[in-house]
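Observations on chain architecture
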Amino acid sequence: MENHLTYELAFEELQQIATAIENETITVDQLAEKVKRAATLIAFCQSRLRSTETEVNKIINQLDKEI
Amino acid sequence: MRLSQLSLLIQDLLGDAFGFQRFWVVAQVSNHSFYGQKGFHYFDLIETEKQSPKGKGSLVAKMAAVAWSAGAAKIRDFESVTGQQFGNDMQVLVEVSVDFHPVYGLKLTLLDIDARFTLGLQEQQRQATIDRLLAECPDYVWKSEGRLQSFNQDLALSPVVQKIAVVSSRTAAGYEDFLHSLNHNPFGYRFSIDPFFTTVQGENNAPALAGIFAEIIRTAEDAGIDYDAVVIIRGGGASTDLLIFDQFSIASVVAACPFPVITGIGHQKNETITDLVAHTALKTPTKVAEFIIQRNRTFENSITGLQQSLIIRAQQYLTGTHQELQVLKSALVYQAQASLFQQHNSLQKIKSIVCRQPFVTLANENAAIKRQQQELVTLNKNYLSRQQLHIDNLLRLFKMTSPEKVLQRGFALIESKGKIISSADKINIGDELTIVLSGTAIESTVHHKKTYDGKPFDL
């Protein structure tokens, strides 16, 4: 996975791919490649989301203890 | 005649003329002496020719007088009503009897003394002094809405009175009362007290008392003290002599004093002029002490009140901020989780699109190819059958135009020298021609040749 990939960038690209696939503006030649790319991006986003969720929950628990 | 006989004669004559008679006379007291042991007053009653208000005129009349126990009691009443000690230079209205004693001579016996007369005089004098203050000290004393006002009254008395200059006599019980009341206050207030001792009674002591004020101002300047108040107290003792405080010299320095003056000089009825021009006039030294303590107490209470409202405000503010923070916190927690949830959803949606859609796309493509194939098959078939039809038509046409058919319809072929001819140009007369009909050949010779313009085929 490339460096400096952020959730925002990944999600944006993912949306573009999804829209293209949905509207069938992707040729069959590109399809496999794009789906592969999408799978990579989805995996990235999901792991990012999960780690963020874990972190947020940890912070919230900490907050509840403090206040 | 013996002296005693003459004396008795005079006594009789005078007794006849004045016995049991009483006279109200206006006179001035002089040579006064008081025998405390017996309680008798001895004095002269004099009348002078009036020259100036204070100046002594020449003597017009003079008679010795005495007040025995009864008269002395009247004098005590008089003193308590007028607030003035019976004594020299006092203008009085007295009721007297005329008595003659062989040894002591002619004497007036004081039977009663009219306090109202003296009060009236006092009042006149007071008024004169007030008028003089208004005339001579317009910067410090003036009248406003009928009331006497002074520079000293316009001074602001500090909310907390701590640095005090006290004007008192050194031995006055009132001074001790004052100190005791101040220093033993229940609130633990401390005071810085500078005493300025002088005699505070007796009209003759006015210059000394007035001088004390100059000393206070000087001391304040030298030591850099800004007195919160100057307190004049006069206290204890039986003396009721307050006339010194009606003196112009005292009233004027009090009116002009740069520190607020509080009096506690124990008047019973009329306030003295000093009281009128002082910042605050109170009855006794103890009252002055109570006034000062109460004033400081009021200030402290207001501070305590402020402190309490400060605490309450601060707590309210903290509570409010705390609540606000709680609201923000729950909003943060909710929003963070909602945002994450939404991202999950979006991602899930995209994921399902990415997972499902390619198969749809591929299926669509596949269907398109199949359609294409089907189309091709169908087209082929049609094409071939159309071609067949075309060929059939041509065949039929060909068949219809075959020479046999033509011959059968009545047409004939003409051959010359073994070749079918279609033009008569090369045919000459005498040429041998073969006419071929259906199933028959006729040999012939040309006899005649002419241009023919008939149109038997013009259908």
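Residues numbered from 1 in each chain as written. Chains lettered and ligands numbered in written order. Predicted model: local features only at pLDDT ≥ 70, side-chain atom pairs only at ≥ 80, totals over all residues. Heavy atoms only, no water.

Once that is clear, we can look at the overall build of chain B. Along its length, chain B carries ten helices and 16 strands. Relative to the compact-globule value of 23 Å for 459 residues, chain B shows a C-alpha radius of gyration of 76 Å, a clear excess of over 25%. If one aligns the C-alpha atoms of chain B with their principal axes, the spans along those axes are about 255 × 55 × 45 Å. Taken across its 459 residues, chain B has 31% of its residues classed as buried. Long-range contacts, defined as pairs at least 24 residues apart, comprise 61% of the intrachain contacts of chain B with a sequence gap of at least 6. Carbon and sulfur atoms make up 56% of the accessible area of chain B, which amounts to about 29,500 Å² in all. Charged side chains in chain B number 44 positive and 45 negative. The centres of these two groups are separated by 19 Å. (Helix = DSSP H or I, 4+ residues; strand = E, 2+ residues; numbered from the N terminus. Rg over C-alpha atoms; globule rule 2.2 N^0.38 Å. Buried < 20%, exposed > 50% of the residue type's maximum accessible area, 1.4 Å probe, protein only. Contact = heavy atoms within 4.5 Å. Areas by Shrake-Rupley, 256 points an atom, 1.4 Å probe, with all protein chains shown as cover. Lys, Arg positive; Asp, Glu negative; His and termini not counted. Charge placed at Lys NZ, Arg CZ, Asp CG, Glu CD.)

Moving on: unusual backbone geometry. Residues and elements named next belong to chain B. At Asp-89, a position not held by glycine, the phi torsion is positive, near 70°. With respect to the element layout, Asp-89 can be found in the loop between α2 (69-82) and β4 (91-101). Phi is positive for Lys-417, which is not a glycine, with a value near 55°. Among the structural elements, Lys-417 can be located in the loop between β13 (413-416) and β14 (419-420).

Residue and element names in this part refer to chain B. Taken together, the side chains of Met-1, Leu-3, Leu-6, Leu-9, Ile-10 and Leu-13 make up a nonpolar region of the molecular surface, amounting to roughly 630 Å² of accessible area. Secondary-structure assignment places Leu-9 in helix α1 (residues 3-18). The exposure class assigned to Leu-9 is partly exposed, which follows from its relative accessible area of 43%. (Patch = residues over 30% accessible without salt bridge, like charges linked within 9 Å, V, L, I, M, F, W, Y side chains within 5 Å. Salt bridge = Lys/Arg side-chain N within 4 Å of Asp/Glu carboxyl O.)

Here the focus is the side chain of B:Gln28. Along the chain, the position of B:Gln28 falls in strand β1 (residues 23-35). Ignoring anything within four residues of it in the chain, the contact list for B:Gln28 reads B:Asp44, B:Leu45, B:Ile46, B:Thr48, B:Asp89, B:Met90 and B:Gln91.

Taken domain by domain, chain B consists of domain 1 (3-113), domain 2 (128-297) and domain 3 (405-445). For domain 2 of chain B versus domain 3 of chain B, the separation of C-alpha centres amounts to 180 Å. (Domains from an automatic or database assignment.)

Residues and elements named next belong to chain B. Taken as a whole and judged by the stated rule, the model has eight salt bridges over all chains. Across the pair Glu-95 and Arg-22 runs a salt bridge, and its minimum N-O distance is 3.9 Å. With Glu-95 in strand β4 and Arg-22 in the loop between α1 and β1, this residue pair connects regions lying 73 residues apart in the sequence. Here Glu-95 falls in the buried class, since its relative accessible area comes to 12%. Close ionic contact of Arg-116 with Asp-114 constitutes a salt bridge, the shortest N to O distance being 3.7 Å. Looking at Arg-116, the relative accessible area reads 67%, which means it is exposed. Here the salt bridges do not stand alone but share partners, grouping Glu-123, Arg-126 and Asp-246 into one network.

Looking now at the side chain of B:Asn296. You can see B:Asn296 is positioned in helix α9 (residues 285-400). Once you skip the residues sitting within four places of it in the chain, B:Asn296 turns out to touch B:Pro159, B:Val160, B:Val161, B:Tyr189 and B:Phe191.

Turning next to the interface of chain A and chain B. When the parts of a complex come together, some accessible area is lost, and that lost area is often used as the size of the interface. Contacts between the two partners involve 24 residues from chain A, matched on the other side by 24 residues from chain B. Overall, the association of chain A and chain B removes approximately 2,300 Å² of surface from exposure, summing both partners, and the carbon and sulfur fraction of that is 77%. At the boundary of chain A and chain B, one finds zero salt bridges. Between chain A and chain B we count four residue pairs in polar contact (both at pLDDT 80 or more) in total. Each residue belonging to the side of chain A that touches chain B can be placed in one class, and the counts come to 16 nonpolar, four polar and four charged. (Buried area = accessible area lost by both parts, 1.4 Å probe. Polar contact = N/O pair within 3.5 Å; in protein donor to acceptor, adjacent residues only side chain to side chain. Nonpolar A, V, L, I, M, F, W, Y, C, P; charged D, E, K, R; others polar.)

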